[in-house]
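Chain residues, written in single-letter form:
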Number of protein chains: 2
Amino acid sequence: MKIIVLKFGGTSVGSINRIKKVARIIKSYLKKYKVIVLSSAMSGTTNNLINMSQKISKNFPDNEYDTLVSAGEQISCSLLSGQLLTTGTKARSWMAWQIPILTEGKHKYSRIKYINKTKVLKFLRSGGVPIIAGFQGVDKNLNITTIGRGGSDSSAIMVAKFFKAERCVIYTDVEGVYTTDPNKLNSAKKIKDISYEEMLEMASLGSKVMQPHSIQDARLNRINVEVKSSFVDKGGTLITKRRNIINNKIITGISSTDNDAKVTLLGVKDRPGIAASIFKPLSENSINVDMVVQNISSDGKETDLTFTIKSFDLTKTKKIINKNKNIIFKRMTFDKNVSKVSIIGVGMVTTPGVTFRMFQALAKKEINIQVISTSEIKISVLIKRTKVTKAIKALHKEFNLEK
Amino acid sequence: MKIIVLKFGGTSVGSINRIKKVARIIKSYLKKYKVIVLSSAMSGTTNNLINMSQKISKNFPDNEYDTLVSAGEQISCSLLSGQLLTTGTKARSWMAWQIPILTEGKHKYSRIKYINKTKVLKFLRSGGVPIIAGFQGVDKNLNITTIGRGGSDSSAIMVAKFFKAERCVIYTDVEGVYTTDPNKLNSAKKIKDISYEEMLEMASLGSKVMQPHSIQDARLNRINVEVKSSFVDKGGTLITKRRNIINNKIITGISSTDNDAKVTLLGVKDRPGIAASIFKPLSENSINVDMVVQNISSDGKETDLTFTIKSFDLTKTKKIINKNKNIIFKRMTFDKNVSKVSIIGVGMVTTPGVTFRMFQALAKKEINIQVISTSEIKISVLIKRTKVTKAIKALHKEFNLEK
């Protein structure tokens, strides 16, 4: 029994006409596969529900929040199943508690622990298409829970894992993953296949196709994930193991951010452990420090320290540093007009000179690099925000991403 | 432990402000009672969901219909519970499957069979207010069901039964049951208490406060039901056993219908069983025949037969009668401009002359009676629809209902 999991996001089931279209997509798989469907709530529904809860209280209780918002998937799944049934395809909707999809962890941030396959498998074998509510679960006390991180994408990937599906197709409103943001560069190309690791870097660095946590779930469980559009009938992007990828490119994609801020502490009194003294209270306040550069202090007494954070954390960061009695510094400066541009590719591990080519390409365009950070498969640089488009264009060309 | 069940209808929880008001009403009972709440969906929600299903198919599958519409109560209950929680009252929402409220029968028309009290009782004892989703249940295979007849009112009454509640209060958008429709007669008075039997006659004859099936459930289980408004703080109407009612009135109320049609078969060839021959095929087609009058045939050969049906059944009725080969008649006439006016009261059993007073009061106003039917506690007459208001006014005065 070859099983495929199809997941439809909110815009894909955003209206009755869209639901009819989705039913046709589902039917197109039935000759070749046993199909399990995961559906999000119709776009808008979840936000409406959250808005109502916010009118009651900004601190609406997490357990009732989960019960409230999971009504959204109940609506979309029963409508989709009804559409399939009335057009001759055996189907039925399954809420998480009916399967059950067991979760653990706190309300709003639960994780799928176990999926009971018995009933769904029986239904699949009888020729039916199960339409499973994404985003929701049930805990061992029969409380409704929701899956915070990754949401319906994570539900789909966990269903693919438990049912040993050949593939998990994430239908959404974009055609796939691009070499860079098509809104920033016209010549951006759709990527045919990409490794989990590259996709993780692309996602966490600003490509919004899939949430990092669900990519991580796919990577850990070696699930082949295809991201494609439910609006146009075109091939998407396959996210898979490195070894499955036939690709002679050094760089797979370029991403950029637009909500970074740079903080510089000048004349910091240097002593062992000074960096920890600065960053510990930030971390304790859930402020994520990203890039860091510390100048070597020539006399061993004073140093300058620069780091980046999300710009919405800037006010909080300033307050924490000014209150910090464990550090002594002369002056603090900050800059919200910065962006991080990254080149990503598993190919760079085996290719010397990538860093040099990146820096040279930027230098040619007179783009000044403020901070640098690297990993095995990516190089990130911090530059002036106004230069981002220019930088992406230069790098896209340098690494032959326009083919 | 004195338990009270409070049920809130769709308009009572129709907005966030209404939900806040309902939370205050609930709190007002907490000093005296352990409170169990039943809530309908926010007004408009259910209709929106049904409209969406209709856009998919006029024959939207019943099982998915139940899953779809029961999302409405999931939303209202979690919001109401969230409101109580954030204003300091321990509460939680309960979907039918979480309790469970077990139903039997077909989808869309299920009946509550059993309610497991364990978890809800434990929560009540701990000082919590359970907010239970009305209108929904779950069958033994964990399918979501809905309670067709009586809906959330029936849920409330069955909860009151299983939890041995002292009273079931139905909060709605009217102040109670009136002696007659206040839209038709200004001087209509709110009834303080009314017997189940009278209320059943009032309901099935056109007073829309509660559905007949939920009144019947209340009667069978001897549940004291109070109907009152969640919009104004005034006493409502108590529906209870006859013996609880202190009332010196002969007539409790007057009701009228506005969707009847009269059918007359002239010159029907008379023979034993002729009425059965006419009515059996109507009944088989779910056409409800209400009032019947058959003239005595002077020669024993021909008779005229008159009966009433709902006007929306008229076309179907004509077709069935014309196709009926077991009856011979000369001519069929019909009249859609008729209404049934009824006087209702347990007092009439012990009071002679009620019929005479009714007929005389109508005669005085020159209102012609076309058909009569009576039961132990009601007398109904069929009259011209244009005369309904005049008739109600005359009868209301005749039986001193304006006090």
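Residues numbered from 1 in each chain as written. Chains lettered and ligands numbered in written order. Predicted model: local features only at pLDDT ≥ 70, side-chain atom pairs only at ≥ 80, totals over all residues.

(A) Representation of the overall build of chain A in the model. Looking only at helices and strands, chain A features 11 helices and 19 strands. Radius of gyration (C-alpha) of chain A: 24 Å, near the 22 Å computed for a compact globule of 403 residues. Its C-alpha atoms give chain A principal-axis dimensions of roughly 80 × 50 × 30 Å. Classification of the 403 residues of chain A by burial places 47% in the buried group. (Helix = DSSP H or I, 4+ residues; strand = E, 2+ residues; numbered from the N terminus. Rg over C-alpha atoms; globule rule 2.2 N^0.38 Å. Buried ≥ 20, exposed ≤ 12 C-beta atoms within 10 Å, placed from the backbone.)

(B) Expanded view of the sheet that holds strand β3 (residues 91-94) of chain A. Residues and elements named next belong to chain A. Within the open sheet, the 8 strands sit side by side as β3-β6-β2-β1-β9-β11-β12-β10. Their pairing is mixed. A single partner strand is all that each edge strand has here, and the edge strands are β3 and β10 (193-195). The sheet shows a mean angle of 20° between the axes of neighbouring strands, taken without regard to direction. The pairing of strand β2 (residues 34-39) with strand β6 (residues 129-133) spans 3 bridges and is parallel. Each residue of the ladder has a partner; that of L38, found in β6, is I132. Sheet strands touched by helix α4 (residues 118-125): β2, β3 and β6. Its angle to β6, the strand with the most contacts, is close to 145°. (Pairing = 2+ DSSP bridges. Axes fitted to C-alpha atoms, helices over the stretch in contact; angles between N-to-C directions. Contact = placed C-beta atoms within 7 Å.)

(C) Examining the packing of helix α6 (residues 196-204) of chain B against helix α7 (residues 212-220) of chain B more closely. Residues and elements named next belong to chain B. Across the interface, α6 lies against α7 with an axial gap of 9 Å and an inter-helix angle of 170°. By the angle between their directions, the pair α6 and α7 is classed as roughly antiparallel. For the pair formed by α6 and α7, the contact residues are Y196, M199, L200, A203 and S204 on the first element and P212, I215, Q216, A218 and R219 on the second. Taken together, the residues that form the contact of α6 with α7 break down as 7 nonpolar, 2 polar and 1 charged. (Parallel < 35°, antiparallel > 145°, perpendicular 65-115°, else oblique. Nonpolar A, V, L, I, M, F, W, Y, C, P; charged D, E, K, R; others polar.)

(D) Representation of the pairing of strand β4 (residues 101-104) of chain B within the structure. Residue and element names in this part refer to chain B. Side chains I101 and T103 project from β4 onto a buried face, and the interleaved L102 and E104 project onto a face without burial. Pairing analysis gives 4 bridges linking β4 to strand β5 (residues 111-115), with the strands arranged antiparallel. Residue pairing for β5: T103 is matched across the bridge by I112. Here β4 folds back onto β5 in antiparallel fashion, the turn holding 6 residues, of which G105 has a positive phi close to 100°.

(E) Molecular detail of the sheet that holds strand β6 (residues 129-133) of chain B. Residues and elements named next belong to chain B. Sheet architecture is open: 8 strands sit in the order β3-β6-β2-β1-β9-β11-β12-β10, paired in mixed fashion. With one partner strand each, in any of the chains shown, β3 (91-94) and β10 (193-195) form the two edges of the open sheet. Looking at each pair of strands side by side, their axes are set apart by 20° on average, direction ignored. As paired strands, strand β1 (residues 3-8) and strand β2 (residues 34-39) are joined by 6 bridges and run parallel to one another. Each bridged residue has a counterpart across the sheet, and for K7 the counterpart in β2 is L38. Each of β2, β3 and β6 touches helix α4 (residues 118-125); the most contacted strand, β6, lies at about 145° to it.

(F) The packing of helix α2 (residues 45-56) of chain B against helix α3 (residues 62-86) of chain B, seen in detail. All names here are of chain B. Running from N to C, α2 and α3 cross one another at 155°; their axes reach a closest spacing of 9 Å. By the angle between their axes, α2 is roughly antiparallel relative to α3. Where α2 crosses over α3, the handedness of that crossing is right-handed. The segment α2 lies against α3, with T45, T46, L49, I50 and S53 engaging Y65, L68, V69, A71, G72 and I75. Per-class residue counts for the contact of α2 with α3 are 7 nonpolar, 4 polar and no charged. (Left-handed = near helix turned anticlockwise from the far one by under 90°.)

(G) Broad picture of α6 of chain B. All names here are of chain B. By the criterion of burial, α6 is predominantly enclosed, with 8 of the 9 residues buried. Inspection of α6 places Y196, E197, E198, M199, L200, E201, M202 and A203 among the buried residues, and these make up the whole buried set. Summarising the contacts, the buried residues of α6 are in contact with β10, α7, β12 (237-240), β13 (253-256), β17 (331-344) and β19 (378-384).

(H) Structural detail: unusual backbone geometry. The omega torsion across I99 of chain A and P100 of chain A is -15°, close enough to zero to call that bond cis. Tracing the chain through its elements places P100 of chain A in the loop between β3 and β4 (101-104). A positive phi angle, close to 50°, is found at K164 of chain B, a residue other than glycine. Using a count of 11 C-beta atoms within 10 Å as the deciding quantity, one classes K164 of chain B as exposed.

(I) Molecular detail of the domain arrangement of chain A. As far as domains go, chain A holds domain 1 (3-173) and domain 2 (256-398). Inter-centroid distance (C-alpha atoms) of domain 1 of chain A to domain 2 of chain A is 40 Å. (Domains from an automatic or database assignment.)

(J) How the structure looks around the interface of chain A and chain B. In this assembly, 27 residues from chain A lie in contact with 27 residues from chain B. Every element with two or more residues in the side of chain A that touches chain B is listed here: α2 (45-56) and α3 (62-86) of chain A. If you tally residues by element for the side of chain A that touches chain B, the top one is α3 of chain A, at 13 residues.

(K) View of the relation of the copies chain A and chain B. Relative to chain B, chain A is turned by 180° and slid 0.1 Å along the rotation axis, the superposed coordinates differing by an RMSD of 0.1 Å. Both copies are brought into coincidence by an operation consistent with a two-fold rotation axis. Considering only C-alpha atoms, the part of chain A nearest the rotation axis is A71 of chain A, at 2.5 Å. An overlap of 100% is found between the interface residues of chain A and their copies at the interface of chain B, pointing to a shared contact surface. (Least-squares fit on C-alpha atoms with pLDDT ≥ 70 in both.)

(L) Seen up close, the nonpolar core. Within the largest apolar cluster, 202 residues are counted, with the highest numbers of intra-cluster contacts made by V5 and C168 of chain A together with V5 and C168 of chain B. For C168 of chain B, the contacting residues outside a window of four places in its chain are V5, K7, A156, I157, A160, I223, N224 and V225 of chain B. (Core = buried A, V, L, I, M, F, W, Y, C linked by C-beta atoms within 7 Å.)

(M) Spatial organisation of the environment of I16 of chain B. Residue and element names in this part refer to chain B. Turning to its location among the elements, I16 is positioned in helix α1 (residues 16-29). Judged by local crowding, I16 falls into the partly exposed class, with 17 C-beta atoms found within 10 Å. Through-space distance from the C-alpha of I16 to that of L80 is 8.7 Å; in sequence the pair is 64 residues apart.

(N) Quick look at the confidence of the model for chain A. Scored by pLDDT, chain A has a mean of 93; 99% of the residues are at 70 or more. Across the assembled chains, the prediction reports ipTM 0.86 with pTM 0.88. (pLDDT = per-residue confidence, 0-100.)

(O) Seen up close, the environment of K119 of chain B. Residues and elements named next belong to chain B. Tracing the sequence through the fold places K119 in helix α4. A count of 15 C-beta atoms within 10 Å places K119 in the partly exposed class. Taking the C-alpha atoms as reference, K119 lies 6.8 Å from I99; in sequence the two are 20 residues apart.

(P) View of helix α10 (residues 354-364) of chain B. All names here are of chain B. V354, M358 and L362 are the residues of α10 that are buried. Along the axis of α10, the buried residues cluster in a sector spanning 65°; they form a single face. Seen from the buried face of α10, the exposed residues on the opposite side, beyond 90 degrees, are F356, Q360, A363 and K364. Tucked inside the fold, the buried residues of α10 contact β17, β19 and α11 (388-398). (Arc of directions from axis to C-beta.)

(Q) Highlighting the environment of S230 of chain B. All names here are of chain B. On the secondary structure map, S230 appears in the loop between β11 (225-229) and β12. Given 22 C-beta atoms within a 10 Å radius, S230 is considered buried. Between the C-alpha atoms of S230 and V22, which are 208 residues apart in sequence, the distance is 7.1 Å. For S230, the contacting residues outside a window of four places in its chain are F8, S12, K21, V22, I25 and Y171.

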